Amino acid sequence: MSMVHPNVLDVSELLRPEPKFVDKEVSKFRDYTVDETDPLKERVRRTYKLMHTHQTVDFVKGRHADWLKFDHFKATVRQALEKLNDLVDESDPDLDLPNIVHAFQTAERARAEFPELDWLHLTGLIHDLGKVMAFYGEPQWAVVGDTFPVGCEWGPSIVYREDSFVDNPDGANPKYNTKNGMYEPNCGLEQLTMSWGHDEYLYRVLKHNGSTLPEQALHMIRYHSFYPWHSGGDYHHLTNEKDEQTKQWVLMFNRYDLYTKSTTLPDIEALWPYYQSLIDKYCPGELEF
């Protein structure tokens, strides 16, 4: 069970104006325009097309049955993070560097703004750790990218929404293709079955292994890729009042997740001792993945 920490402030105390630490215009992030002459943009578009074709209710149930046994491998947080040296996220239009670079960029910016919130620094470091699934047989379209609920009508702000779902069989299933689909109105985020990816997986891994990160940290991890909800304005007919508070935490974290993406490289080796102390505090030892 997650703990309540004395250094977890009210989220209203953590909100900041538009970030000033970015190295390009804020409007230039998350550029999903189609450009067949740009190999990076085409790679991103292909990844989302595969995701939106294959992420169905049945597919997600199958991933739960497989991955939530937590019997794929055992590793410390550092060992798992170091695997991300060899992962470039094929859904990311903003960064074409190994994912571990993004992990330290996110963590260090959170640390710079809130040096007293060590749990937030660690959340930044590990938020994408679920992407280790890519080294154990999962295609990237089932690991990376924005998430969305399966089993209901797809939100209008989903990336490439207009034409990328045409081959998804749930779109022809009356149990799943209505506004509420298989859910009750205002049932809340925790009742939704999200498309399978690194967010949900890491959340479940941390819960399974008894991490003492606060509830806010776990929410940031679980929903940081749910852009159609926290940034696109979709799915409010399925959320509840508690989720509005969660959204504020996720948006606060989004400053560090999105806007720190840069070609400026952190000195990872020099930073490890500090972050290892946080791992030992909140997620010690060998974890079951």
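Residues numbered from 1 in each chain as written. Predicted model: local features only at pLDDT ≥ 70, side-chain atom pairs only at ≥ 80, totals over all residues. Heavy atoms only, no water.

An unreviewed UniProt entry lists the protein under the name Inositol oxygenase, with Anopheles arabiensis given as the organism. Reading the Catalytic activity (unreviewed entry) entry of the UniProt record for the protein gives the comment "myo-inositol + O2 = D-glucuronate + H2O + H(+)". (UniProt positions renumbered as here; feature names shortened; annotations may be inferred.)

**Student:** Could you give me a rundown of the packing of helix H4 (residues 99-113) against helix H5 (residues 118-126), with the residues and numbers involved?
**Tutor:** Remark: H4 packs on H5, axes separated minimally by 7 Å, with the N-to-C direction vectors making an angle of 165°. Here H4 lies roughly antiparallel to H5, going by the angle between them. At the point where H4 passes H5, the crossing takes the right-handed sense. Along its contact with H4, which presents Ala103, Phe104, Thr106, Ala107, Ala110 and Arg111, the element H5 presents Leu120, His121, Gly124 and Leu125. (Axes fitted to C-alpha atoms, helices over the stretch in contact; angles between N-to-C directions. Helix = DSSP H or I, 4+ residues; strand = E, 2+ residues; numbered from the N terminus. Parallel < 35°, antiparallel > 145°, perpendicular 65-115°, else oblique. Left-handed = near helix turned anticlockwise from the far one by under 90°. Contact = heavy atoms within 4.5 Å.)

**Student:** Can you explain the side chain of Ser211? Please cite residues and give values.
**Tutor:** Inspection of the secondary structure puts Ser211 in the loop between helix H7 (198-208) and helix H8 (215-223). Residue classification places Ser211 among the buried positions, given a relative accessible area of 8%. A distance of 3.2 Å separates a polar atom in the side chain of Ser211 from the backbone nitrogen of Leu213. Separated by 3.1 Å, the side chain of Ser211 and the backbone oxygen of Tyr282 make a polar contact. (Buried < 20%, exposed > 50% of the residue type's maximum accessible area, 1.4 Å probe, protein only. Polar contact = N/O pair within 3.5 Å; in protein donor to acceptor, adjacent residues only side chain to side chain.)

**Student:** Can you explain the pattern of salt bridges? Please cite residues and give values.
**Tutor:** Summed over all chains, the structure comprises 13 salt bridges. The partner of Arg63 in a salt bridge is Glu138, with the nearest N and O atoms 2.3 Å apart. Separated by 75 residues along the polypeptide, Arg63 in helix H2 (residues 57-67) and Glu138 in the loop between H5 and helix H6 (161-164) bring together distant segments of the chain. Both residues of the pair, Arg63 and Glu138, belong to the buried class. Of the charged contacts in the structure, one is a salt bridge between Arg204 and Glu200, with a shortest N-O distance of 2.7 Å. (Salt bridge = Lys/Arg side-chain N within 4 Å of Asp/Glu carboxyl O.)

**Student:** Let's hear about the UniProt feature "binding site: Fe cation" (unreviewed entry) in the protein: which residues, and what values?
**Tutor:** Here, the residues flagged by UniProt with the feature "binding site: Fe cation" (unreviewed entry) are His102, His127, Asp128, His198, His224 and Asp257. Among the structural elements, His224 can be located in the loop between H8 and helix H9 (227-230). Residue class for His224 comes out buried when judged on its relative accessible area of 2%. Only 3.2 Å separates the side chain of His224 from the side chain of His198, close enough to count as a polar contact.

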